[in-house]
Amino acid sequence: MKAEIIAVGTELLLGQIVNTNAQYLSRKLATLGIDVYFQTVVGDNPSRIKQAIEIARERADLLVFTGGLGPTQDDLTKDVLAAYLNRGLSIHQPSMDTIEQMFSSRGIHMVESNRRQALMIDGSSPIENEAGLAVGNGLTEDGTHYLLLPGPPREMKPMMEGPASDWLRSVLGSEEPLYSRLLMFAGIGESSLEAKLIDLIEAQSDPTIAPYAKEGEIAIRVSTKAPNETEATVKLDRTVEAIKQRVGEFLFAQEEITLEERVVQLLRSSRRKLSTAESISGGLLAELITGIPGSSGEYSGGVVTYTNEMKHKLLGIPMAQLQGEGAPGAISESTAVMMAERVRQIGDSDFGVSLTGVAGPAQAEGQPVGLVYYAVAQRGKPTAVFTGHFSGTRAIIRIRAVKAALYQLWLKLKEE
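Residues numbered from 1 in each chain as written. Predicted model: local features only at pLDDT ≥ 70, side-chain atom pairs only at ≥ 80, totals over all residues. Heavy atoms only, no water.

By the naming in an unreviewed UniProt entry, the chain is Putative competence-damage inducible protein, taken from Paenibacillus glycanilyticus. The UniProt entry for the chain carries the following text under Sequence similarities (unreviewed entry): "Belongs to the CinA family." (UniProt positions renumbered as here; feature names shortened; annotations may be inferred.)

Structural data, given as structure tokens:
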């Protein structure tokens, strides 16, 4: 079955909200064995919604709508689709009862427009909405399936996890579900990773191999369709093992987590703690770590020593090291080592990680933009220092540097 997701809402086109529904729905539909080939965003305009329906019908078996089911006059999805299919709209009484009860219990007068949320296209099946008021619709005509869901994710997702998926399974017939494995990599560039796997990618048929990257990390999704999990596991294991033989040294997780999440997991399981000292990254490393719930048990704290004065005052690095004729300077391997070792000692941590370098847009201390030194100090072991040459904007250089430092910390933790 081929699907198209149609998100309805002018606010999406204006960039006032991000269309996270499409990402969620694509993943969810894939688990049901439904391939999403197209995603469309259309404003609250009847003629353009109709045009989107006409185009989608020519290229998809399933049209999944989100948005436009609310009480206002610009919530038009049901109205336009009903007119397009020459069907009427009728009140779904159980939904109407829920709406009336909600207003009554809160002592609020219900305006007539709220009745629109209980409307259903004639001949459709109700998709119950326990998190909101707008009832969803599922219907089939001339071999094309239509699924209408509300726009707010807090309503749409529970519906999709329950009644909407049940309705889809009822129309799927013998479609096989899609099974996937996600492999997460770091410490290697996207092009280098692809070069090591290019013959596998070019020869892929079943399972399929789909790499995609974000700054500092790469994910590979291996997918197959099978009648049951046992048969899928056999096929997936074979492909995953082939990938691991090529690039297993860079594989930090086989689930959808970030590198910093994996680092915190390993710190937790080994009962180790981390402290950080940042210059170029301005606290970005600390932000990533503390963004993980419960990381206070693994993170002692950190300092942002952006100037030489702060490196001296907070970390005790001699000014003779940082400036003056013949001094190594703040942007140097030896300063990165001192920063990591001092912050580890101050935090009484098992690991100390530091970053210093040039994010741009101009050179600093005569050093080029993108040059970064980062170090990992470990209790009872020699400190390791690394040199990175990163390209991109100021923001990209900073995130790439932080991910590179996390990768080296992950390698240390993995060895424990």
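## A word on the environment of Q117
Following the sequence through the fold, Q117 ends up in the loop between α5 (93–105) and β5 (119–121). Spatially, the C-alpha atoms of Q117 and G107 are 19 Å apart, while their sequence positions differ by 10 residues. Not counting residues up to four positions away in its chain, the partners in contact with Q117 are L69, G70, P71, K78, I99, L133, A134 and V135. (Helix = DSSP H or I, 4+ residues; strand = E, 2+ residues; numbered from the N terminus. Contact = heavy atoms within 4.5 Å.)

## Comments concerning the sheet that holds strand β11 (residues 217–225)
By way of backbone hydrogen bonds, the strands of a sheet pair with one another, either parallel or antiparallel. Spatial strand order, β10-β11-β9-β12: four strands in an open sheet with antiparallel pairing. Each edge of the sheet is formed by a strand with only one pairing partner; in this case those strands are β10 (208–214) and β12 (251–253). Strand-to-strand twist across the sheet, computed as the mean angle between neighbouring axes with direction ignored, equals 35°. Bridge count between β10 and β11: seven bridges; the pairing is antiparallel. Paired with Y212 across the strands is A219, a residue of β11. Against the sheet, helix α8 (residues 190–202) makes contact with β9 (178–185), β10 and β11, and its axis sits at roughly 175° relative to β10, the strand it touches most. (Pairing = 2+ DSSP bridges. Axes fitted to C-alpha atoms, helices over the stretch in contact; angles between N-to-C directions.)

## Some points on the pattern of salt bridges
Under the criterion given, the structure shown has 19 salt bridges. Here E4 ties to R59 by a salt bridge, and the two come within 2.8 Å at their closest N and O atoms. Residue E4 is found in strand β1 (residues 2–8), and its partner R59 is found in helix α3 (residues 46–59); the two are separated by 55 residues along the sequence. On the accessibility criterion, E4 (1% relative accessible area) is buried. According to the relative accessible area criterion, R59 is partly exposed, its value standing at 30%. Note that D35 is salt-bridged to K225, the shortest N-O span being 3.1 Å. Residue D35 is found in strand β2 (residues 35–42), and its partner K225 is found in strand β11; the two are separated by 190 residues along the sequence. Judged by its relative accessible area of 25%, D35 falls in the partly exposed class. Overlapping salt bridges, with partners in common, bring together K214, E217, E260 and K403 in one network. (Salt bridge = Lys/Arg side-chain N within 4 Å of Asp/Glu carboxyl O. Buried < 20%, exposed > 50% of the residue type's maximum accessible area, 1.4 Å probe, protein only.)

## Overview of unusual backbone geometry
Look at the link from D206 to P207: it is a cis peptide, with omega at 5°. Relative to the assigned elements, P207 resides in the loop between α8 and β10. A cis geometry characterises the amide bond from G360 onward to P361, with omega recorded as 10°. Tracing the backbone through its elements, the reader meets P361 in the loop between β15 (351–357) and β16 (371–378). With a phi angle near 60°, N86 is a residue other than glycine that sits in the positive phi range. Here N86 shows up in the loop between α4 (77–84) and β4 (89–91). On the accessibility criterion, N86 (73% relative accessible area) is exposed. Unusually for a residue other than glycine, D348 sits at a positive phi of about 50°. Relative to the helices and strands, D348 is located in the loop between α14 (333–347) and β15. On the basis of relative accessible area, D348 is assigned to the exposed category, the value being 54%.

## Digging into the environment of E229
Mapped onto the fold, E229 is located in helix α9 (residues 229–247). Between the C-alpha atom of E229 and that of P177, which follows or precedes it by 52 residues, the distance is 9.1 Å.

## Comments concerning helix α7 (residues 163–172)
All of the buried residues in α7 are A164, S165, W167, L168 and L172. Considered in projection along α7, the buried side chains sweep an arc of 160° and stay on one side of the axis. Phi turns positive one or two residues past the end of α7, at G173, with a value near 75°. (Arc of directions from axis to C-beta.)

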